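Fold and geometry: a report
As a plain string of letters, each chain reads:
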Amino acid sequence: MSERDVVLEVEDLKVEFDTYGGIVHAVRGVSFQVRQGETLAIVGESGCGKSVTMQSIMGLIPMPPGRITSGTAMYRGQDLIRNKYLGGRDIRGSAIGMVFQDPMTSLNPTMTIGDQIAETLQVHRGFSKSQALARAVELIAMVRIPDAAKRASQYPFEFSGGMLQRSMIAMSLACEPSILIADEPTTALDVTIQAQILDLLMDLQKEKGMAIVLITHDLGVVARMADDVMVMYAGEIVESGTIDDVFYRGAHPYTMGLRAAMPSRELGARQRLTPIDGSPPDLFSPPSGCGYFARCPQAMRMCQAQHPYLMSVGTAHHSRCWLQHPDSTRQVPGLSIPHLGSVPVQS
Amino acid sequence: MLRYILKRLLHGLITVWFIATATFIAMHAVPGDPLSGEKAMTPEIRRNLEAKYGLDKPVVEQYRIFLVNMAQGDFGISYTQQNREVNDILREGFPVSATLGILAIVFAALGGVLLGALTATYRNRLPDVVIMFLVILGISVPSFVFAALGQLALVKINAWTGFTLFPVAGWGTVMHMVVPSLVLGLGTMAYLTRLMRSSMLEVTNTDYVRTARSKGLPPARIFLKHQLRNAILPVVTVLGPAIAAITTGGFVVELVFAIPGLGRYFVQAVQQLDYTVIMGTTVFYGAFLVLMVIIVDIVYGLIDPRVRLKA
Amino acid sequence: MTDATLSAAGFEPVQVDRQMQQLTRPSLSYWQDAWRRLKANRRAFISLYIVIGLLLFTVAGPWVWTVDPSTQDLDQVSKAPGSDRRAFIAEPYQPWDGVRTAVPEGPASSAPPTNVKTVGTTTTQAVRLTWDPVAGVAGYRIYRNIYRPTAGGALGLPLGDALTPDQVSFEDRLDLEPMTYYYAVLTLDRFGQALSAPASLGVKVVRVITRAQAVERKLVASESDAKVGDTLQLALHPFGTDYLGRDLLARLMTGARVSLLIGIFAPLFYVLLGIAYGSAAGFMGGKADSVLMRFADFVVALPFLLFMILFKIAFGIGPGESGIFPMLVALVLLSWPSAARLVRGQILQIREEGYIGASRLLGARTGYLVMRHMIPNTMGVILVTLTFAIPSAIFTEAFLSFIGMGVAPPTPSWGSMCNEGIRTMLTTPHELIFPAVMISTTVLAFNLLGDGLRDAFDARMRSRE
């Protein structure tokens, strides 16, 4: 892991939602760092709080019913949770860009693509309308959409899904942000388009040197893009570390479960994928012990009552599991799962 | 776009023909004939009158003549008002009804959009609760009760202040128009407010508004450029039916406020079974509504690029 | 987290009981879920009670309040609820010859008559006035006003002239009500022009009825049960009476039958017609579908209220008929297309759903698909449409009756009662207020109930919770 500048540091973020059924504790004390030029992947199943975490930092969760009950998110010495403005200007859209999951619904259907990109520049950079439009055409060309000038004057319904996601990326990068948050950027797209979008993101990252926070449930995407990985479960980080730490030296039974549920080349055609039984706990009343207790094959007696804390299992590699406690005599059995990539295959 | 407009106009023409035919059939289904309502007359006079109005011809022939005359913009002569052309009546009454209707629809549309946006913005807070309570009242109280209450209020206000800013009845000046058009537009405004509110709330939760916020746009810009324009679309689609509702509602308001519009002629004609006037008014009125609906659809196309460019 | 709890035993593996993973929330069927939501919606539930109350009022009301809605109570015309019902028993009316007296000699004066006073008791049978004769005049004129006269103000209703100077009395028997009247008497010259300023007198009139009338109105069993001078209470009208002295409560109940009959049955019939038409179009598809729907478009384009009126004339109302049936037919004929469109849209949408394909794949027949999938999945939308169609049908009936194109008198409906009430709006507002409130409450209740049902059936809301 390199020691580059930290551009975003989140401490103990907690988010709740009021619903008909009661209060949902969607995010329960999340802390992490984003480094310049690197990609942090946040992984987890639906409803684990990964999107809410980033949206609350961006001030995008509707309040009410949402509520940030504690936490800070420091960007260049300024707390984004308390103050969304930097030098009088909104950091959203200028210092941090965001790309959403479904490009079909994430663009305004009654505005041209060019206008929607130009808008950001007009607001944050003080460009005139024509300047901004000219720059928008350049940005559209930058994300490799052919015939950019014509495309700029078209409406979202005239674009394909992949083109729309490219336009979203162009829009989020218009002000050259230092962080790009990509919330499941490829989930709604065809597999071939997915690859193109990921390549585009990596190329742009190299070019511009920005940090990317990639929210996804697709471990394939993580393997391809990420430097660091953060696994979330039931509103908490259960494991974090570099991609190698998490993929090859996974320490939390949930991470092991995810790996076992994922097809990989090494297992060959006769592999059996192992699903994780059951479903995540109800976040209306989070369990007092470990959230994964009910599904965990390595569950111990204390896991039900005692809430595990993040324990260090290596350099900058943490796991929220009692198995890693020094008093634990048991081993994490998942380590025998075959490794990805360069590790030699043993038949 | 031009092709779309032409297509709509052609469809509109067919619709008007359908309305005319339905009117003709309905009128000829009436028991007896138009002349039996008159005082006793000798067979000779009766024959003359039948010849004058073309009633001696076979029904199909009458239908043909009716259509040909209508195509030339001639609705015939009134049965009860001697030698008065239906066109004259239309020319006299329609501008009044149209002015009243247009004022009411403008009031209803502007009020509905503004109040709807306001209530959605202040959702579940005091302005929302108060306005929505009034809106529910507005939807539940019949237009004639509003008309009566409006007039009663005017009588009291005029008596109390001692001078007449808004006349209680009649037509002619701008001041005559204010209260009747407010009363007429009230129900529709309430309906549009509800529609606008729910549409606005829906738009507020869309992905593209979230995108706009993630771009750090000022709230006013998000409201105007991203929310309002998209939220108005469903309101525009119901403007056509709303215009129809308002103009027929106008009949009552015209009666209560003694406004010399088409409504009064129509009600009079129905009471006297004056067939040419009934038919003329209905067909003319139907054609007007069809035209308004087409205009509303074209306006919708202008606002929504998906419709404009796909047509 | 204290280390004390981290005993070695804590690290023993346990077998997790998979039963614990049972979902904490019970699963509900579509209808159960909708009902649960409706119950949670307080406004909708109160509206449901109001609707039930209205139905009771309409159906059971006339058994409880058995007053005939067309009987006139001429003692109490246009009376607001809670007005004075007392009446005194009096002898039958006896004719009065009036008073003639000698006129003093003298020059004509422009002084008003003096000593204007009443003779005997002033009752609703008659008010008798006398005054002192004035010299040199040709006669007298008598006015009656319901307001206290002001200088130079209106004198009210001219009752009559006495065209000889010695005729110094007047008997007023014109529609007397138990209230205070202000009479004015002035002198006339030879040409019938007013000669003097009026002399006025306030007179309080008491309501009297004869013993025979009391028996006739069933206030007493026989004439011997009442003595002259007794006080009786006239018939009770809890909601007052209308301009013909008919009981408003009874009329509201009968009117409710008309309004709710049209309001409920017309939508029921046209929604049924719409379901048949729309599902036919949806199932047939292709050319038949587009022809059917084009026809529906034409019907929608007809100016609704004008055609309602037109159709009603075409059907004609015979003598003695109420005109309810023609109105029902006209409403059904003109209103079905919206329901047809809705059902067709639903059918087309559901036909494409995956579960229909899955069911078909498992060998389900069309009949089964319709019964098991199509109808249950459209019922919610249809129910909501029906609930919203009721208030609009009630409005239509009220509107038509209001402009005199609705049910034929004497059949009451809320709309025609409003029409009658609006004429006397300034003096007796209750005649307008009661039917208007009934219409508004009914429409309000059905609208709120419809809102509640729509929210209860809305699948998007289900997932949002």
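Residues numbered from 1 in each chain as written. Chains lettered and ligands numbered in written order. Predicted model: local features only at pLDDT ≥ 70, side-chain atom pairs only at ≥ 80, totals over all residues. Heavy atoms only, no water.

**Let's talk about the overall build of chain A**
Of regular secondary structure, chain A possesses 11 helices and 14 strands. Taken over the C-alpha trace, chain A has a radius of gyration of 21 Å; the compact-globule value for 347 residues is 20 Å, and the two agree within 12%. Each of the 347 residues in chain A was classed as buried or not, and the buried ones make up 56%. A sequence separation of at least 24 residues applies to 65% of the contacts in chain A between residues at least 6 apart. Only carbon and sulfur atoms are counted for the fraction: they give 51% of the accessible area of chain A, which is about 14300 Å². The distance from the centre of the 30 positive side-chain charges to the centre of the 35 negative ones in chain A is 1 Å. (Helix = DSSP H or I, 4+ residues; strand = E, 2+ residues; numbered from the N terminus. Rg over C-alpha atoms; globule rule 2.2 N^0.38 Å. Buried < 20%, exposed > 50% of the residue type's maximum accessible area, 1.4 Å probe, protein only. Contact = heavy atoms within 4.5 Å. Areas by Shrake-Rupley, 256 points an atom, 1.4 Å probe, with all protein chains shown as cover. Lys, Arg positive; Asp, Glu negative; His and termini not counted. Charge placed at Lys NZ, Arg CZ, Asp CG, Glu CD.)

**So, helix H11 (residues 262-272) of chain B**
Buried residues of H11 of chain B: Leu262, Gly263, Tyr265, Phe266, Val267, Ala269 and Val270 of chain B, and no others. Structurally, H11 of chain B contributes buried residues whose contacts are with helix H4 (86-121), helix H10 (239-256) and helix H12 (275-303) of chain B together with helix H7 (304-315) of chain C. Directly beyond the C-terminal end of H11 of chain B, a positive phi value near 55° is found at leucine 273 of chain B.

**A closer look at unusual backbone geometry**
All names here are of chain A. With a phi close to 45°, aspartate 12 is a non-glycine residue in the positive phi region. With respect to the element layout, aspartate 12 can be found in strand S1 (residues 6-19). A positive phi angle is found at aspartate 147, which is not glycine, with a value near 60°. Examined against the element boundaries, aspartate 147 turns out to sit in the loop between helix H4 (129-142) and helix H5 (148-152).

**A look at the interface of chain B and chain C**
Contacts between chain B and chain C engage 41 residues on the former and 36 residues on the latter. A buried area of about 3300 Å², summed over both sides, lies between chain B and chain C, and 82% of it is on carbon and sulfur atoms. For the chain B face of the interface with chain C, the top three residues by lost area are Phe18, Ser140 and Phe144 of chain B, together amounting to 18%. Between chain B and chain C we count one salt bridge in total. For arginine 194 of chain B, the salt bridge goes to aspartate 451 of chain C, with nearest N and O atoms at 2.7 Å. Linking chain B with chain C are two residue pairs in polar contact (both at pLDDT 80 or more), by the criterion used here. Among the elements of the structure, helix H1 (2-28), helix H5 (126-140), helix H6 (143-161), helix H7 (174-204), H10, H11 and H12 of chain B are those that each provide at least two residues to the side of chain B that touches chain C. The element best represented in the side of chain B that touches chain C is H1 of chain B, accounting for nine residues. A per-class count over the side of chain B that touches chain C returns 28 nonpolar, 11 polar and two charged. (Buried area = accessible area lost by both parts, 1.4 Å probe. Salt bridge = Lys/Arg side-chain N within 4 Å of Asp/Glu carboxyl O. Polar contact = N/O pair within 3.5 Å; in protein donor to acceptor, adjacent residues only side chain to side chain. Nonpolar A, V, L, I, M, F, W, Y, C, P; charged D, E, K, R; others polar.)

**Points about the side chain of lysine 215 of chain B**
Looking at the secondary structure, you find lysine 215 of chain B in the loop between helix H8 (207-214) and helix H9 (219-237). On the accessibility criterion, lysine 215 of chain B (4% relative accessible area) is buried. Side-chain polar atoms of lysine 215 of chain B contact the side chain of glutamate 119 of chain A, separated by 2.9 Å. With residues up to four places along the chain from it excluded, the contact list for lysine 215 of chain B reads Arg92, Gly93, Gln116, Glu119, Thr120, His124 and Met171 of chain A.

**A short note on the pattern of salt bridges**
Applying the stated criterion across every chain, the model contains 32 salt bridges over all chains. Between arginine 221 of chain B and glutamate 119 of chain A there is a salt bridge, with its nearest N and O atoms 3.1 Å apart. Of this pair, arginine 221 of chain B sits in helix H9 while glutamate 119 of chain A sits in helix H3 (residues 113-125), which puts the two residues in different chains. Overlapping salt bridges bring together Arg135, Glu138, Glu176 and Lys208 of chain A as one network.

**Here we look at the domain arrangement of chain A**
All names here are of chain A. We note that the domain assignment places domain 1 (6-231) and domain 2 (255-266 + 273-340) within chain A. The C-alpha centroid of domain 2 is placed 30 Å from the C-alpha centroid of domain 1. Of the residues lining the interface, 14 residues belong to domain 1; the matching set on domain 2 comes to 11 residues. For the pairing of domain 1 and domain 2, the buried interface totals around 1000 Å² over both sides, and the portion due to carbon and sulfur atoms is 65%. Of all residues in domain 1, Arg28, Glu45 and Leu219 give up the largest surface area on contact with domain 2, accounting jointly for 45% of the area buried on that side. Remark: the boundary between domain 1 and domain 2 carries zero residue pairs in polar contact (both at pLDDT 80 or more). Counting only elements with at least two residues in the side of domain 1 that touches domain 2, the list comes to strand S2 (22-35) and helix H8 (219-225). Of all the elements, S2 adds the most residues to the side of domain 1 that touches domain 2, at seven residues. Class assignment of the residues belonging to the side of domain 1 that touches domain 2 gives a composition of five nonpolar, seven polar and two charged. (Domains from an automatic or database assignment.)

**A short note on the sheet that holds strand S9 (residues 208-210) of chain C**
Residue and element names in this part refer to chain C. On the basis of which strands lie adjacent, the open sheet formed by three strands has the order S9-S1-S10 and mixed pairing. Lying at the two open borders of the sheet, with one neighbouring strand each, are S9 and strand S10 (231-233). Pairs of neighbouring strands in the sheet enclose a mean axial angle of 45°, with direction left out of account. Of the strand pairs in this sheet, strand S1 (residues 86-90) and S9 are connected by three bridges, and their pairing is parallel. (Pairing = 2+ DSSP bridges. Axes fitted to C-alpha atoms, helices over the stretch in contact; angles between N-to-C directions.)

**Regarding the confidence of the model for chain B**
When pLDDT drops low, the exact placement of atoms in the prediction is not to be read closely. A residue-level look at chain B finds 95% of positions with pLDDT of 70 or above and a mean pLDDT of 82. The ipTM for the predicted assembly is 0.82, set against a pTM of 0.78. (pLDDT = per-residue confidence, 0-100.)

**Notes on the sheet that holds strand S9 (residues 179-183) of chain A**
Within a sheet, adjacent strands bond to each other through the backbone by hydrogen bonds, running parallel or antiparallel. All names here are of chain A. Strand order in this open sheet of eight strands is S8-S9-S10-S3-S11-S12-S14-S13, and the pairing throughout is mixed. Both edges of this open sheet fall to strand S8 (96-99) and strand S13 (311-314), since each of them pairs with a single strand only. Strand after strand, the sheet turns through a mean of 20° between neighbouring axes, direction not considered. As defined by bridge partners, strand S3 (residues 39-43) adjoins strand S11 (residues 228-233) across four bridges and the pair is classed as parallel. In the sheet register, alanine 41 faces S11, and the bridge partner there is valine 229. Docked against the sheet, helix H6 (residues 161-172) engages S8 and S9, running at close to 170° with respect to S8.

**Observations concerning the interface of chain B and chain A**
In this complex, chain B contributes 23 residues to the contact, which on the side of chain A involves 29 residues. In total, about 2200 Å² of surface goes out of reach between chain B and chain A, with carbon and sulfur atoms giving 56% of it. It is Arg210, Ser214 and Lys215 of chain B in chain B that bury the most area against chain A; as a group they hold 27% of the surface buried on that side. Our count for the contact surface shared by chain B and chain A stands at two salt bridges. The partner of glutamate 119 of chain A in a salt bridge is lysine 215 of chain B, and the shortest N-O contact between them spans 2.9 Å. Where chain B meets chain A, there are 14 residue pairs in polar contact (both at pLDDT 80 or more).

**Section: the pairing of strand S12 (residues 236-242) of chain A**
For a regular strand, side chains alternate in direction, first toward one face of the sheet and then toward the other. Residues and elements named next belong to chain A. With seven of its seven residues buried, S12 lies for the most part within the structure. Where S11 lies against S12, six bridges are found, and the strand directions are antiparallel. Pairing of valine 229 across the sheet is with glycine 241, part of S12. The antiparallel pairing of S11 with S12 creates a hairpin that spans two residues between the two strands, and alanine 234 there sits at a positive phi of about 50°. Pairing analysis gives two bridges linking S12 to strand S14 (residues 317-319), with the strands arranged antiparallel.

**Some thoughts on the packing of aromatic side chains**
Applying the stated criterion to the full structure yields 18 aromatic pairs over all chains. Relative to phenylalanine 284 of chain B, the ring of phenylalanine 94 of chain B has its centre 4.8 Å away and its plane inclined at 85°; by these criteria the two rings are edge-to-face. Note that phenylalanine 94 of chain B is positioned in helix H4 and phenylalanine 284 of chain B in helix H12, a separation of 190 residues in sequence. Relative accessible area serves as the criterion here: at 25%, phenylalanine 284 of chain B is assigned to the partly exposed category. Through successive ring pairs, a cluster of aromatic residues spans Phe18 of chain B together with Tyr277, Phe295, Phe298 and Trp336 of chain C. A cation over a ring is seen here: arginine 173 of chain C above tyrosine 93 of chain C, with NZ or CZ 3.5 Å from the ring centre. (Phe/Tyr/Trp six-rings, centres within 6.5 Å; stacked < 30°, edge-to-face > 60°. Lys NZ or Arg CZ within 6 Å of the ring centre and 35° of its normal.)

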